[in-house]
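# Structural characterization, general
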Amino acid sequence: GDQVEQSPSALSLHEGTDSALRCNFTTTMRSVQWFRQNSRGSLISLFYLASGTKENGRLKSAFDSKERRYSTLHIRDAQLEDSGTYFCAVWTGNYKYVFGAGTRLKVIA
Amino acid sequence: EAAVTQSPRNKVAVTGGKVTLSCNQTNNHNNMYWYRQDTGHGLRLIHYSYGAGSTEKGDIPDGYKASRPSQENFSLILELATPSQTSVYFCASGGRRGRNTLYFGAGTRLSVL
């Protein structure tokens, strides 16, 4: 069954605003990875977390270290180039990753 | 820098024809993956490999074969292409047991007419 649920499925933000994306897991996960897919279709890795938080510029991600059942991606001061589809993926064991359905983000001027 | 290179980037094939999609990685990762991405389905795993000589079925393997002749190369083969296989295909590589970041190629847009 579905193991990864992303929310919201779509989001519009004005430039300069902040928001958070969320990834919920149906069971405890060992790690999570966040990707952004741009308008050209390229999948770019943003963060890989096995615990705690990581930050890169205006992006910050956190992985619930206690129950390991969700992760968040915070976008601060959204810019037009942040537009795209954001995916989270989890390692399920057996060499496989499972992806969420994605959050389509549009940043508007 | 870690790199995954796919070829071709675009392909038009005829129904019933054979199509081979190639993937090369310079990450020295053990694991490699083939996904397809379709609107409404996200990324779905077709085949994967955990090392040279190994291929394993993913979640949607029907109609596809895979080949991993070396650590660096992983191919996806459509022996008899069908229009339902029109999609965007992504190759990725990752380290052992998911401890390394998953790196994606740029994708191959395949149209089967």
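One can find the structure itself at the top, above this paragraph.
Quick caveat, the model's predicted, so the values are computed rather than measured.

## Things to note about the state of the cysteines
All names here are of chain A. Under the counting rule described, the total for this entry stands at 2 disulfides over all chains. In this model Cys-23 forms its disulfide with Cys-88; the gap between the sulfur atoms is 1.6 Å. Around the S-S axis, the bridge from Cys-23 to Cys-88 shows a dihedral of about 40° and counts as right-handed. Residue Cys-23 is located in strand β3 (residues 19–25), and its partner Cys-88 is located in strand β9 (residues 84–93); the two are separated by 65 residues in the primary sequence. For Cys-88, a relative accessible area of 0% gives the class buried.

## Some remarks on the interface of chain A and chain B
At the junction of the two partners, chain A supplies 15 residues and chain B supplies 18 residues. When the area that chain A buries against chain B is broken down by residue, the three leading residues are Leu43(A), Tyr95(A) and Tyr97(A), summing to 37%. Applying the counting rule to chain A against chain B returns 0 salt bridges. Applying the counting criterion to the chain A and chain B interface returns 2 residue pairs in polar contact (both at pLDDT 80 or more). Put simply, the parts of the chain that give the side of chain A that touches chain B at least two residues each are β4 (32–37), β5 (43–49), β9 and β10 (96–99) of chain A. Per-class residue counts for the side of chain A that touches chain B are 8 nonpolar, 6 polar and 1 charged.

## Observations regarding the environment of Asn24(B)
All names here are of chain B. As for its position among the elements, Asn-24 is in strand β3 (residues 19–25). Separated by 18 residues in the primary sequence, Asn-24 and Gln-6 place their C-alpha atoms 6.5 Å from one another. Those residues in contact with Asn-24 that lie beyond four places of it in its chain are Ala-3, Val-4, Thr-5, Glu-72 and Asn-73. Engagement of the side chain of Asn-24 in a polar contact is seen with the side chain of Asn-73, the distance being 3.0 Å.

## Focus on the pairing of strand β5 (residues 42–49) of chain B
Residue and element names in this part refer to chain B. Counting buried residues along β5, 7 of its 8 residues qualify, which places the element largely inside the surrounding structure. Summarising the sheet, strand β4 (residues 31–38) and β5 pair through 7 bridges and their orientation is antiparallel. If you follow Asp-38 over to β5, its bridge partner there is Gly-42. Sheet topology note: the β5/strand β6 (residues 56–57) ladder contains 2 bridges and is antiparallel. Bridging across to β6, Tyr-48 finds its partner in Glu-56. A loop of 6 residues connects β5 with β6, the two strands running antiparallel in sequence, and Gly-53 in this loop sits at a positive phi of about 90°.

## Let's talk about the packing of aromatic side chains
Evaluation of the coordinates by the stated rule reveals 12 aromatic pairs over all chains. With a centroid separation of 5.5 Å and 75° between ring planes, the pair formed by Tyr97(A) and Tyr33(B) is classed as edge-to-face. Of this pair, Tyr97(A) sits in strand β10 while Tyr33(B) sits in strand β4, placing the two residues on different chains. A single burial state applies to Tyr97(A) and to Tyr33(B), both of which are buried.

## Re the sheet that holds strand β1 (residues 4–7) of chain A
All names here are of chain A. One open sheet accounts for 5 strands, arranged β1-β3-β8-β7-β6; its pairing is antiparallel. Two strands bound the open sheet, and with one partner strand each, they are β1 and β6 (52–56). Taken over all neighbouring pairs, the strand axes of this sheet differ in orientation by 15° on average, direction set aside. Pairing of β3 with strand β8 (residues 70–75), which is carried by 6 bridges, proceeds in the antiparallel orientation. The residue of β8 that forms the bridge with Cys-23 is Ser-71.

## Regarding the environment of Ala50(A)
Of note, Ala50(A) is situated in the loop between β5 and β6. Along the primary structure Ala50(A) and Ser65(A) are separated by 15 residues, whereas in three dimensions their C-alpha atoms are 8.2 Å apart.

## Describing the pairing of strand β8 (residues 75–78) of chain B
Residue and element names in this part refer to chain B. By the alternation rule, side chains of β8 split into Ser-75 and Ile-77 and Leu-76 and Leu-78, which are all buried. Note that β3 and β8 share 3 bridges and pair antiparallel. Considered in β8, the bridge of Val-19 is made with Leu-78. In this structure, strand β7 (residues 65–67) lies alongside β8, joined through 3 bridges in antiparallel fashion. Bridge assignment links Lys-65 to a residue of β8, and that residue is Ile-77.

Quick notes on the rules
- Residues numbered from 1 in each chain as written.
- Chains lettered and ligands numbered in written order.
- Predicted model: local features only at pLDDT ≥ 70, side-chain atom pairs only at ≥ 80, totals over all residues.
- Heavy atoms only, no water.
- Disulfide = S-S within 2.5 Å.
- Helix = DSSP H or I, 4+ residues; strand = E, 2+ residues; numbered from the N terminus.
- Buried < 20%, exposed > 50% of the residue type's maximum accessible area, 1.4 Å probe, protein only.
- Contact = heavy atoms within 4.5 Å.
- Buried area = accessible area lost by both parts, 1.4 Å probe.
- Salt bridge = Lys/Arg side-chain N within 4 Å of Asp/Glu carboxyl O.
- Polar contact = N/O pair within 3.5 Å; in protein donor to acceptor, adjacent residues only side chain to side chain.
- Nonpolar A, V, L, I, M, F, W, Y, C, P; charged D, E, K, R; others polar.
- Pairing = 2+ DSSP bridges.
- Phe/Tyr/Trp six-rings, centres within 6.5 Å; stacked < 30°, edge-to-face > 60°.
- Axes fitted to C-alpha atoms, helices over the stretch in contact; angles between N-to-C directions.

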